[in-house]
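# Structural overview
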Amino acid sequence: MSFSASAFASTTATVTQGVNFRSAPSTSSSIYSFLKVGTTLNVLEHVNSYWLKVSLNGKVGYVSTSYVKETQTPLTAPTLTASGTAPTNQMVNVTITYPSNAAKKEFRINGGAWTTYTAPVAMTDNGTVEARGTDAAGNVSTVGSYSVNNIDKMAPAAPSLKADQTAITNQNVTVSITYPADSAVNEYRVNDGAWSQYSQSVVMTDNGTVEARGTDAAGNVSTVGSYIVNNIDKIAPAAPSLKADQTAVTNQNVTVSIAYPADSAVNEYRVNDGAWLTYSQSVVMTDNGIVEARGTDAAGNVSTVGSYTVNNIDKIAPAAPSLKADQTAVTNQDVTVFITYPADSAVNEYRVNDGAWLAYSQSVVMMDNGTVEARGTDAAGNVSTVSSYMVSNIDKRTIGGKIVDTALSFQGKVTYQFGVRDIPNLILDCSSFTQYVFKLNGKSIPWSSKLQGNLGTYVPKAGLQPGDLVFFSVNVPNEINHVGIYIGNGQFISNLPNKGVVISNLNSTHWTSHYITARRVVN
């Protein structure tokens, strides 16, 4: 018999003439049994045009195609069902059921590409799902389809609200609400209260806000519409409140702002019992006085009068402070400067040497010469003229520091000449220079670097202080023949041939190689 492709899939075969049920597709293979006419077999495979692979009662074997007739079953279209058909704003899942003989299962959405079906199709928007099955022989079923049209993600329009009257009134106000046609659940609330089912107009006995929302059958909620009722006035306005921009004493104008109640239609003020004036902006007071205010509502109700007394304006500056030092003679101690401020000075300040102004709480201790200034500011912000005192009597230099300062003062003024001590003309050698510097500071030392090298006490190089004498061998090795004065930071000053008084680096290669010792002559 012959086979052709069609819209059917071979599933069973019926024995039309007694046939052997064999173990392999060959007449020489062993025989399981002899099958009688009418026996029904399950067809597993078309081995070739002569043999079928079949099963009978769970046993697999082969029969000749000449002795059986295949019964063909149509490949039916898949069936499609949705997870829900009621309107919804959520996703809809479409489940596809394919015929049992479908070897290949496919679906597509809105005419798109065919895709292998493995799980229900999730539809996030309305559209059509199609499905088809293909059997093992390649036969394709008719296409099944399902149109999803119950997804609705568009919220209803916002409800509209309208009051029965908008003019100022002392009666209740009725707010009616109109909901869109697709709103299935109509709700309202008053002043952020609980949402309630709307069945009739909302009666407002006091000012407040009515809000409304609609929800469609799919569960989409509209934006909230609202209406503010603010035209109910059953009592007179409250008294206006008055507030100054500053309450501390000031030397500036004081601005008084007035807050009127919301239901005040006519806002008025007056200053120092003058005429009532329309209030349009804050009242600027250039002097102390009384501001009064009243409000009148649209119904003519007049509030009680509010008032504010301005009494903090002061435009007169304090007198200048006075300064005095605890000592005026030259001293090596700190000098204390006392400052006396006028009684009406609220903020007392001082500064030293043009520095930052600081709050004065106690006498100013000056450790060095300089200028102390003082000023007073009253509670109104008026600033006095600045007073000052110059401290010039402090001298805290050590004898060593003074010796260094004296030596430094001779730079560019001394001429070097070996073995000379011409003080009037400042022609000196190295040791007569150090002798002269020490003499100017009240210390007598001999003329000669060698003799000076025996004075005072030995100082290690690491312990040098300003004013110490440092000694070198510049001509005869290991013999003192040059002297200088240590000035600090690894430097010393000395009188040198062809240079005069200059500063040198003690740690340079030259001076390190010629260095011998150091002596401290003064403490």
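Residues numbered from 1 in each chain as written. Predicted model: local features only at pLDDT ≥ 70, side-chain atom pairs only at ≥ 80, totals over all residues. Heavy atoms only, no water.

This part covers the overall build of the protein chain. The helix and strand tally for the protein chain stands at 4 helices and 44 strands. For 523 residues, the compact-globule formula gives about 24 Å, and the C-alpha radius of gyration of the protein chain, at 57 Å, lies well above that figure. Taking all 523 residues of the protein chain together, 40% fall into the buried category. Taking the intrachain contacts of the protein chain between residues at least 6 apart in sequence as the baseline, contacts between residues at least 24 apart amount to 54%. Accessible surface, the protein chain: about 28,000 Å² in total, of which carbon and sulfur atoms supply 49%. When the 33 basic and 37 acidic side-chain charges of the protein chain are each reduced to a single mean position, those positions are 17 Å apart. (Helix = DSSP H or I, 4+ residues; strand = E, 2+ residues; numbered from the N terminus. Rg over C-alpha atoms; globule rule 2.2 N^0.38 Å. Buried < 20%, exposed > 50% of the residue type's maximum accessible area, 1.4 Å probe, protein only. Contact = heavy atoms within 4.5 Å. Areas by Shrake-Rupley, 256 points an atom, 1.4 Å probe, with all protein chains shown as cover. Lys, Arg positive; Asp, Glu negative; His and termini not counted. Charge placed at Lys NZ, Arg CZ, Asp CG, Glu CD.)

Take the packing of aromatic side chains next. Any pair of aromatic rings gets described here by the distance separating the centres and the angle formed by the planes. Overall, the coordinates contain 15 aromatic pairs when judged by the stated rule. Geometrically, the ring pair formed by Phe492 and Trp511 is edge-to-face, given 5.1 Å between the ring centres and 85° between the ring planes. With a gap of 19 residues between them, Phe492 in strand β42 (residues 491–496) and Trp511 in helix α4 (residues 509–514) connect regions that are remote in the sequence. The buried category is assigned to Phe492, whose relative accessible area is 0%. Residue Trp511 is classed as buried on the basis of its relative accessible area, which comes to 8%. Lying across the ring of Trp276, Arg294 places its NZ or CZ 4.3 Å from the centre. (Phe/Tyr/Trp six-rings, centres within 6.5 Å; stacked < 30°, edge-to-face > 60°. Lys NZ or Arg CZ within 6 Å of the ring centre and 35° of its normal.)

Summed over the entire model, instances satisfying the criterion amount to 17 salt bridges. When the shortest N-O distance is used, the salt bridge between Arg213 and Glu187 registers 2.9 Å. Here the residue Arg213 occupies a position in strand β20 (residues 208–215), and Glu187 occupies one in strand β17 (residues 185–190), the gap between them amounting to 26 residues. Here Arg351 makes a salt bridge to Asp354, at a shortest N to O gap of 3.8 Å. Because the salt bridges share partners, they merge into one network encompassing Lys104, Glu106 and Arg132. (Salt bridge = Lys/Arg side-chain N within 4 Å of Asp/Glu carboxyl O.)

Right, let's talk about the sheet that holds strand β34 (residues 370–377) for a bit. In spatial order, the strands read β32-β31-β34-β35; together these 4 strands make up an open sheet with antiparallel pairing. The outermost strands of the open sheet, each flanked by one partner alone, are β32 (358–359) and β35 (387–391). As paired elements, β34 and β35 share 5 bridges and run antiparallel to each other. Across the sheet, the residue bridging to Glu373 is Ser388, located in β35. (Pairing = 2+ DSSP bridges.)

Let's shift gears to helix α2 (residues 430–440). Extensive coverage of α2 is indicated by the burial of 9 of its 11 residues. Among all positions of α2, only Cys430, Ser431, Ser432, Phe433, Thr434, Gln435, Tyr436, Val437 and Phe438 are buried. The backbone nitrogen of Ser431 has a side-chain oxygen 3.3 Å away, supplied by the residue at the start of α2, namely Asp429. Once α2 finishes, Gly442 follows within two positions and takes phi at roughly 80°, a positive value. (Polar contact = N/O pair within 3.5 Å; in protein donor to acceptor, adjacent residues only side chain to side chain.)

Glancing now at the sheet that holds strand β28 (residues 306–310). The 4 strands lie next to each other as β25-β24-β27-β28, forming an open sheet whose pairing is antiparallel. With partners counted over all chains shown, the strands left at the sheet margins are β25 (277–278) and β28, one partner each. Here strand β24 (residues 264–271) pairs with strand β27 (residues 289–297) via 7 bridges, running antiparallel. Bridged to Val271 within β27 is Val291.

When two helices pack together, their arrangement is given by the angle between the helix axes and the distance between those axes. The N-to-C vectors of helix α1 (residues 399–408) and α2 enclose an angle of 125°; their axes lie 9 Å apart at closest approach. In terms of axis orientation, α1 runs oblique to α2. Handedness of the crossing formed by α1 with α2: right-handed. Residue-level contacts link Ile403, Thr406 and Ala407 of α1 to Phe433, Val437, Phe438 and Leu440 of α2. Residue composition of the contact of α1 with α2, grouped by class: 6 nonpolar, 1 polar and no charged. (Axes fitted to C-alpha atoms, helices over the stretch in contact; angles between N-to-C directions. Parallel < 35°, antiparallel > 145°, perpendicular 65-115°, else oblique. Left-handed = near helix turned anticlockwise from the far one by under 90°. Nonpolar A, V, L, I, M, F, W, Y, C, P; charged D, E, K, R; others polar.)

Glancing now at the side chain of Thr296. Tracing the sequence through the fold places Thr296 in strand β27. With relative accessibility at 14%, the residue Thr296 sits in the buried group. Every residue in contact with Thr296, bar those within four places of it in the chain, is listed here: Pro237, Ser264, Ala265, Val266, Asn301 and Val302.

Quick look at the side chain of Arg520 now. The residue Arg520 is located in strand β44 (residues 515–520) in this model. In terms of polar contacts, Arg520 uses its side chain to reach the backbone carbonyl oxygen of Gly463, at 3.0 Å. In this structure Arg520 touches Gly456, Thr457, Val459, Gly463, Leu464, Gln465 and Asp468, once residues within four positions along its chain are discounted.

The two faces of a sheet get side chains in turn, since along a regular strand they alternate between them. Residues Val254, Val256 and Ile258 line the buried face of strand β23 (residues 254–259), whereas the alternating positions Thr255, Ser257 and Ala259 sit on a face that is not buried. Sheet topology note: the strand β22 (residues 241–244)/β23 ladder contains 4 bridges and is antiparallel. Bridge assignment links Ser241 to a residue of β23, and that residue is Ala259.

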